[in-house]
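Here is what each chain is made of, one letter per residue.
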Amino acid sequence: MKIDKKFKGLVNEGWRYRFDDDIETTESLEIDLDMGLFITGSIEAGGFIKAGWSIEAGESIEAGGFIKAGESIEAGGSIKAGGSIEAGESIKAGGSIKAGGFIEAGEFIEAGGSIEAGGSIEAGESIEAGGSYGVVA
């Protein structure tokens, strides 16, 4: 599934795009926009989620594969990926962050709950978790 400027229901707010619902697909999700994307609900993809800019969801973000954004990844709830989670800037979740692979951010990683990765956890500046964080073997 691909989200571009022609995606039905997408609203250009001038500084980001907004979609007022959930995005769900059994496939991978490619976000091809010239600004960040804010989804008021949840994002769920059976494959990977990839965006050149930021991805933000009012609820959760979940992918069967990796999640990658050129800027930030943010969710009001949890962020979960079967593979890695990678952002050029920051990764922030109101709940937990969990990845089967590594978690990496250019600036910070922050979660209201736990942070858990099957590989490494790296941030350019800081890592904060309301609960525990670590690498699970």
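Before any of the text, the structure's been laid out above.
Here the residue index of a chain counts from 1 through its sequence in written order. Side-chain atom pairs in this predicted model are given and counted only at pLDDT of 80 or more, local residue features only at pLDDT of at least 70, and totals for whole chains, interfaces and linings cover all residues. Hydrogens and water are ignored here; the side-chain numbers use all heavy atoms of the structure.

Chemist: For this particular structure, what's the right way to read the pattern of salt bridges?
Modeler: Oppositely charged side chains may form a pair once their charged atoms are brought near each other. The rule for a salt bridge is simple: a side-chain nitrogen of Lys or Arg has to be within 4 Å of a carboxyl oxygen of Asp or Glu. Enumeration over the complete set of coordinates arrives at 7 salt bridges. For the salt bridge of Lys 98 with Glu 116, the shortest nitrogen-to-oxygen distance reads 3.8 Å. A residue pair is termed long-range when its members are at least 10 positions apart, and Lys 98 in strand β16 (residues 97–99) and Glu 116 in strand β19 (residues 115–117) qualify at 18 residues. Here the term buried applies to any residue with accessible area under 20% of the maximum for its type, exposed to any over 50%, and partly exposed to those in between, with areas from a 1.4 Å probe on protein chains only. Classification of Lys 98 by relative accessible area gives partly exposed; the value is 39%. Look at the salt bridges and you will find they share partners, linking Glu 13, Arg 16, Arg 18, Asp 20 and Glu 56 into a network. Runs of E in the DSSP output that reach at least two residues are strands. Runs of H or I that reach at least four are helices, and both are numbered from the N terminus.

Chemist: I'm lost on the side chain of Ser 42 in this one. Help?
Modeler: Looking at the element boundaries, Ser 42 is found in the loop between β6 (36–39) and β7 (43–45). The class of Ser 42 is buried, set by a relative accessible area of 15%.

Chemist: What should I look at first to understand the sheet that holds strand β4 (residues 23–25) in this one?
Modeler: What links the strands of a sheet is backbone hydrogen bonding, and the strands pair in either a parallel or an antiparallel sense. We treat two strands as partners when DSSP finds at least two bridges between them. Spatial ordering of the open sheet is given by β4-β7-β10-β13-β16-β19-β22, a layout of 7 strands whose pairing is parallel. Each having just a single partner strand, β4 and β22 (133–135) make up the two edges of the open sheet. Neighbour-to-neighbour, the strand axes of this sheet turn through a mean angle of 5 degrees, independent of strand direction. As defined by bridge partners, strand β13 (residues 79–81) adjoins β16 across 3 bridges and the pair is classed as parallel. Bridging across to β16, Ile 79 finds its partner in Ile 97. Axis definition: a line fit to C-alpha positions, over the contact stretch in the case of helices; interaxial angles, taken between N-to-C directions, run 0 to 180 degrees.

Chemist: Help me understand the pairing of strand β3 (residues 16–19) in this model?
Modeler: Within a regular beta strand, the side chains point alternately toward one face of the sheet and then the other, so they alternate between its two faces. Relative to β3, strand β2 (residues 11–12) runs antiparallel, the two sharing 2 bridges. Bridging across to β3, Val 11 finds its partner in Arg 18. Linkage of β2 to β3, two consecutive antiparallel strands, is achieved through a turn of 3 residues, within which Gly 14 is found at a positive phi near 95 degrees. The sheet contact formed by β3 and β6 spans 4 bridges and is parallel. Within β6, the residue paired with Phe 19 across the bridge is Ile 39.

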